[in-house]
Structure formats: C-alpha cells, structure tokens
Number of protein chains: 2
Amino acid sequence: MSAESRVPERILRAIAAVEPPDPAWAQRAWVRQEQLTMPPGSLGRLLELSRQLAAIQRTETPRASPGLLAVFAADHGVAREAVSAYPQSVTARMMANFSARGAAINVITQSLDLGLQVADFGVIRPPGPQAKGLSFQRCSIREGTSNFLEGPAMSREEAFQAVGHGLQLASGWTGTHGYAVIGLGEMGIGSTTTAAVLIAALTGASAADVVGRGTGLDDQGLVRKREIVERALALHRPQCRDIWDWLARVGGFEILGLAGLAIGAARAHTLVVLDGVISTAAGLIAARLCPALAGSLVAAHLGPEPGHKVALDSLGLVPLLQLDLRLGEGTGAALAMPIVRAAADIMNGMATFESARVPGPVAERKSRQGRSD
Amino acid sequence: MSAESRVPERILRAIAAVEPPDPAWAQRAWVRQEQLTMPPGSLGRLLELSRQLAAIQRTETPRASPGLLAVFAADHGVAREAVSAYPQSVTARMMANFSARGAAINVITQSLDLGLQVADFGVIRPPGPQAKGLSFQRCSIREGTSNFLEGPAMSREEAFQAVGHGLQLASGWTGTHGYAVIGLGEMGIGSTTTAAVLIAALTGASAADVVGRGTGLDDQGLVRKREIVERALALHRPQCRDIWDWLARVGGFEILGLAGLAIGAARAHTLVVLDGVISTAAGLIAARLCPALAGSLVAAHLGPEPGHKVALDSLGLVPLLQLDLRLGEGTGAALAMPIVRAAADIMNGMATFESARVPGPVAERKSRQGRSD
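Residues numbered from 1 in each chain as written. Chains lettered and ligands numbered in written order. Predicted model: local features only at pLDDT ≥ 70, side-chain atom pairs only at ≥ 80, totals over all residues. Heavy atoms only, no water.

## Concerning the sheet that holds strand β5 (residues 271-274) of chain A
Residues and elements named next belong to chain A. Taken in spatial order, the six strands make up an open sheet running β3-β2-β1-β4-β5-β6, and their pairing is parallel. Each edge of the sheet is formed by a strand with only one pairing partner; in this case those strands are β3 (136-138) and β6 (297-299). Ignoring strand direction, the axes of neighbouring strands in this sheet form an average angle of 30°. As defined by bridge partners, β5 adjoins β6 across three bridges and the pair is classed as parallel. If you follow L274 over to β6, its bridge partner there is A299. (Pairing = 2+ DSSP bridges. Helix = DSSP H or I, 4+ residues; strand = E, 2+ residues; numbered from the N terminus. Axes fitted to C-alpha atoms, helices over the stretch in contact; angles between N-to-C directions.)

Here it is in structure tokens:
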C-alpha cells in the first residue's frame, strides 16, 4: 500500500472525536416533556426530535436555530453514459442559478428562514463570481469524476480531499457561524446513478433494488441505468479492500464532501438532516466511516428512488415527510427543518403543568390522592 | 317551524358567496411550473399546493404569508360523562395558558412565524384579561354546551350564532389583517367525543368507526366513549330534519365557530388548513353546508382518532404530515403551514429555464429539434 493511500490523520481524528447522542440527556428531556402543558406524548415525532436534539447537544433546552442548508455540487463521469434526462452542462448552469438566487432551494430556504451555502466540489466549467450573487465555497477537487465504467471515479487521495473539505466547512459553519442544524443538499447531473452504486456497494443490495428514474428517465433509460450500476459493481468489487476503495472507485466529489460535512457536524454536536437519495447516500457513508454519528442523523423525506428507502432502512431512519419530492438540492431537508426548529422550541418556551396551574390527567391525580390517603 | 329556527340570511348569503377554486388558474400555474428551473413535477405535493393556492386566489403568483392559526375554545356538556382523561376545568386553565403564551401552539406559532388568535366560544369560567397576555376574541355563546345525552347540546339559534361569529372573525382576519392562509385549531375537554358524533352523523359511519382514545383514555374509557356516541346518535337521529338540527343537537360551539371561519375564509379566497379530528369535523361541516368550499381546504396531518380518517376520506383530502400528533390546538396545522408558504413562494421567486439559460431535458430538446427539422 502506497503512502498516499492511507487515511489521513486529520480524518481519523475527526471520526474518533464524534460522540454518540447521550441517552441520559434524552431521558432528562423526556422527564421535562412529561411536565409540559400537553397530554403525555401528544406531539408524537416532534417530541422524539426534541429528545434527539437534547441527547446530541447535552441539554434539556436544545436549539435548532439558526439552521443551514448546504448544497454541494459536482459533475459525474458516468453522466457520459446518458444516465440522466438532462445534459451535463446543467450542473454548471444550476450553479449560476443558485448564485442568482433563482433555484428552488434559494426560494425555499428564504421562505423558511434558513441559511444557504453552496460549494463547488468539482463542477465542469463552474460559473465565475456574479456581482451581488450568492458566492460559492471553492472546494473543487477536479472538473468532474472519471467515468467509473472505465476505471476508478477518483483516486483515494481525491476521496480524502473531498471528505477533508467537508470536515473543514463543518468547522466554520458550526463554529464561527453557530449553525445548530445542517441540512445536506446536492446538485450534479448523473448523481442518482453514483448514489445507487454507492448504496448497493455499502448495503449489499442489488442494482434492481436501488435504481430508479432519477429526475425523469423513461423505461429504456431505467433499464440502461440498472445495467450501468451492475457493471460498475462487477468491475470494482474485486479491487475493493476497504470502504475507501469503494468511495474512490464509484463515489462522487460532492457526495464524499457531504459525508465529511456530516462527520464534522456530528463532531460539533450538530444535528444533520438528510434530503433525498444522494444526500442519504452521503449519510450512509458517514455512518459507515463513523458509526457513532448515526444518532445525529434525521431523515427529512422519502423520495421515489428505490435506493433511498434501502439506505434509510440501513440507517434505521423513518422520514418525517412524504411529499413526493424528487428534486434534490436539499429541498426536502429544508422543508423538514421548521419541524426540527419547533421541536427544539417547545423544550424552551412551554409552561409546565405546575407553572401554569393546569391539572394533569384525572387518573393520575386520583392515584396521587390514593397515595396520600 | 318557528321563525327563530330558520337559517339567518347573513349565513345563507355567506355560503352563496363562496366560489370554488378556478381550474383555469390551476392550469396556468401548471404551465408556469413547467417553466421553472427544476425537472417537471419534481416538487411533488408542493406543486399541488401551489396550484391549489393559484386556483383559490386566481393568480399565477399566489401568496401564503402572513399565515394565521386560530384557536377556538369551548366546553362540552358531554364532558360530564367522563369522556376525557382530563377534568373540564382544563379548558379554562389552558385559555389562561394560551394568554400567558405557555402552550404548545404559542411556542410553535412563534417558532414558525405565524399569527395566533384565540377566541372564547363558550368556556366555563373563562380567565379574565391578563396584563401583557395574549387577549382573546370574546365570542362566548354560553358557558359550555348542554350534555347531548340529555337533550340538544344547543338551540338552532345558538348554532347560527356560533357560525355567525366565525364568519365575522374571518372577515376581519382576511380583510384588515390580510392573512393569506388560516389554520383551524381548538381547545375543549370532551371535544373529540363531540367530533366523533358529528362525523358519524354527517358521514353515516358507525360509532366504532369514529371513536378513539382522545388525549389518553384507557380501554374502559374507550368502550364508554363508544357507547356514548351510539346513544347520542340514537337519541337525536329521529329529531333531525336537516344538517342544522344535527349541528345544534350534537355540536360544539367552537366547532361550529370554526366551520363559520372556514366558510368566511373561503369566501375571501383564503386557504384553510385543517388540523386534527375536531378541526377536520369543522371542515366537514363547512363543506356540507357549502360544497363550493371543499377545494379551499388542506389536510395538515393524520391523527390517531379513527374519525379523523373517516372525515378526511369523506372530504377527499390526503394529509401532508404524519407525525403521530394528537394534541390539537392547531399544532399540526401550524407545522404544515411553512410547507404551504414555500409552495406559494416558489411560484414567485424561482427563475425559468429561459431566464436562467438552463437547458431542459434532453428528450424534450431532441423532440423540439425534431419538430424544427
């Protein structure tokens, strides 16, 4: 094994520094919830989210604001196999659209009072800086991965770089900026194919289990995409000695960047909200590299790509929303983030039965009286 | 029939003034959506919501902000049958809690940047005005309905009054305040029993189909609640000549007030977001009184009370969220309202493929080239 192929110390240290959510704080949060002026458990999954936040942040009064939605973009060599209904140039055009604040995620983050950060992890011919436009984080590894049907998508060193950039961005966003929750979004033509291969590789699912129509393939396109996933798995499996081999051989720059971001966020006790299949592939990678991180993830929604369900099941996550979203860009994660914000706020702002002098359930009071008789 | 039992002109006029959503505007919104920089249909139910808003407001660029959450509170005579895990005094205590901004709905509306209005439609011993507290709309018909196991819950005249108050509040909130979306919330011990009877009466469902545990009944309580619903239906059915007889005999002041609010909102081309089973019973009543209104309703979530699903099915509504909520107060409606806001905003803020110079799908461009060949 050559020196450059070893996992860098800074990545190993980051992984080792991630602490799992503390169940003692979830328990304390539950005790507090029982005192709040509502029937026990009556806010359902909102209360689960509150307890998860409490366990991650080690406090009964967690915060979920300000929230950040991060969009990482890159191109995929496999796009040359016509796995998308859209030409590869759309990735760069959409970067310009993000900068001009014209894309769905720009509007939705503004609508929901979330921060938005866009990073170029390897877009082909990325747009230059726009006057008054949203600026990008410059993390480009190279202008698009190689086609993984012809060889590795990237070198191990490039995979380390992509994860490292994600870790570094997480430091700034959780530190200086103080974001309490981070949603993972992405853009890149061909990315659902890459995500499908990664999910199959990491879970052992078959190509048929993970492949769907992406943003608009027809029947013929679907069959071709399945074949491509099968060929990629068959080509690279014999060469893969560890997870990093898989990540390099069939990964995407933006996906590995998001995995790094998730690890960095979890290290900083920050909840990570997953979006669609690509974002969830990144969450799966992060959890495989760093099992302690799994409890810091939330699934925002369930999209139509079969691999999304496979990855969520593997992570043990149940999505909050089912709105038939299949756009990506982090739109589903963004739509779930107000729910997370409300979950945090009820732990801070609600009165207790005692402070509001609201009687509890009759049965409970009777049994309390019984005990005092 | 006595003079007082006739439906007042102001209510009949309000019902007649409601216009259904205009499908031509939904179509125009769809054409616009196809031009926005995302794969066609890729925002799923968000796009359905945008089209519904467009059809209600008669514009391609609808708005869903500011949003209001209205909580109507009243007591129920049937609460004397011990149909709730909580004593009846909780209704008034929770009113005080709303005023002191300590309840879940206070925190959630603040968290989600929504307006909150609370109205007393007939609370027993309602709290007085609190210094610096949230003030109430005073719409009390009387301190709680009568027990509908012993006679009518209210007179027809009182039912008209409750609906009339709701209509009047809608005028102010959609007019002077300019709220673009209104969520329906409620508070009142015993209200799930009232809602169950109303839903059974209006849909023909059986007591077993509609009755659940409310905010925390045990098995014995559940059996008793079913019997009560059966007895109420059997007692009043022979006396009911029209829907208003049902509304008076087994209704609740706050539920009829919410039905009036829904009619008034629809008349003002304002989307109405339903919450749990009680709020949805109000939506069902409104749609039965005024079928043109049905297209102005959205279901926020699905709660555990079986009657909720019965009522939603009868209205043809599919809920946006499934978060295992069973609190009421409008909490589910509030949590869905940011999604509605985002649905409106994408129609206003997104770039088109042309303006952003983003290429559309390959197949489409090929067929366009084909046509020009």
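## Points about the interface of chain A and chain B
Contacts between chain A and chain B engage 55 residues on the former and 56 residues on the latter. Summed over both partners, the interface of chain A with chain B comes to about 4,400 Å²; 66% of that surface belongs to carbon and sulfur atoms. At the boundary of chain A and chain B, one finds zero salt bridges. The interface formed by chain A and chain B holds 18 residue pairs in polar contact (both at pLDDT 80 or more) in total. Elements supplying a minimum of two residues to the side of chain A that touches chain B: α3 (44-57), α4 (90-99), α5 (104-111), α14 (331-349) and α16 (362-372) of chain A. (Contact = heavy atoms within 4.5 Å. Buried area = accessible area lost by both parts, 1.4 Å probe. Salt bridge = Lys/Arg side-chain N within 4 Å of Asp/Glu carboxyl O. Polar contact = N/O pair within 3.5 Å; in protein donor to acceptor, adjacent residues only side chain to side chain.)

## Things to note about the pairing of β5(A)
All names here are of chain A. Every second residue of β5 is oriented toward a common face, with L271 and V273 on one face and V272 and L274 on the other, all of them buried. Here strand β4 (residues 181-187) pairs with β5 via three bridges, running parallel. Counterpart to V181 in the pairing with β5 is L271. Read from β5 through helix α12 (residues 277-289) to β6, the crossover connection turns out right-handed. (Buried < 20%, exposed > 50% of the residue type's maximum accessible area, 1.4 Å probe, protein only. Right-handed = clockwise from strand over helix to strand, strands pointing away.)

## So, the relation of the copies chain A and chain B
With an axial shift of 0.0 Å and an RMSD of 0.0 Å, the rotation relating chain A to chain B amounts to 180°. Classification of the inter-copy transformation places it as that of a two-fold axis. Relative to the rotation axis, the C-alpha of L321(A) is the closest in chain A, positioned 3.1 Å from it. The fraction of interface residues of chain A whose copies in chain B are also interface residues reaches 100%, indicating that both copies meet through the same surface. (Least-squares fit on C-alpha atoms with pLDDT ≥ 70 in both.)

## Description of the side chain of T270(B)
All names here are of chain B. Relative to the assigned elements, T270 resides in the loop between α11 (253-267) and β5 (271-274). Side-chain polar atoms of T270 contact the backbone oxygen of A268, separated by 3.2 Å. With near-sequence residues (within four places) excluded, T270 lies in contact with I56, T174, Y179, A180, V181, I182, A265 and S296.

## As for the pattern of salt bridges
For side chains bearing opposite charge, pairing can occur when the charged atoms are close. Going through the model one piece at a time under the given rule, you end up with 18 salt bridges over all chains. Note that E305(B) and K225(B) form a salt bridge whose closest N and O atoms lie 3.7 Å from each other. Placement of E305(B) in the loop between β6 (297-299) and α13 (306-315) and of K225(B) in helix α9 (residues 219-236) is noted, with a sequence separation of 80 residues between them. Judged by relative accessible area, which is 1%, K225(B) ranks as buried. A salt bridge links D245(B) to R241(B), with the nearest nitrogen and oxygen atoms 2.9 Å apart. Exposure remark for D245(B): the relative accessible area of 4% places this residue in the buried category. Salt bridges linked by common partners bring R156(A), R241(A), D242(A) and D245(A) together as one network.

## Structural notes on helix α10 (residues 243-250) of chain A
In terms of burial, α10(A) is largely enclosed, as seven of its eight residues are buried. In the core, the buried residues of α10(A) are packed alongside α1 (9-17), α6 (156-174), α7 (191-203), α9 (219-236), α11 (253-267) and α12 of chain A.

## Details of the nonpolar core
The nonpolar side chains of a soluble globular protein tend to be buried, and buried together. Counting 126 residues, the largest nonpolar core has L43(A), L335(A), L43(B) and L335(B) as the members making the most contacts within it. Leaving out residues up to four positions away in the same chain, L335(A) has contacts with I108(A), L112(A), L321(A), L323(A), L325(A), L46(B), I339(B) and A342(B). If you look at the next biggest cluster of nonpolar residues, it comprises 83 residues, including A162(B), W246(B), L274(B) and L297(B). (Core = buried A, V, L, I, M, F, W, Y, C linked by side-chain atoms within 4.5 Å.)

## Here we look at the packing of aromatic side chains
Given two aromatic rings, their pairing is described by the distance between the two centres and the angle made by the two planes. Applying the stated criterion across every chain, the model contains six aromatic pairs over all chains. Among the aromatic side chains, those forming a connected cluster through ring pairs are F72(A), F121(A) and W173(A). The positively charged end of R28(B) is found above the aromatic ring belonging to W25(B), 4.3 Å away from the centroid. (Phe/Tyr/Trp six-rings, centres within 6.5 Å; stacked < 30°, edge-to-face > 60°. Lys NZ or Arg CZ within 6 Å of the ring centre and 35° of its normal.)

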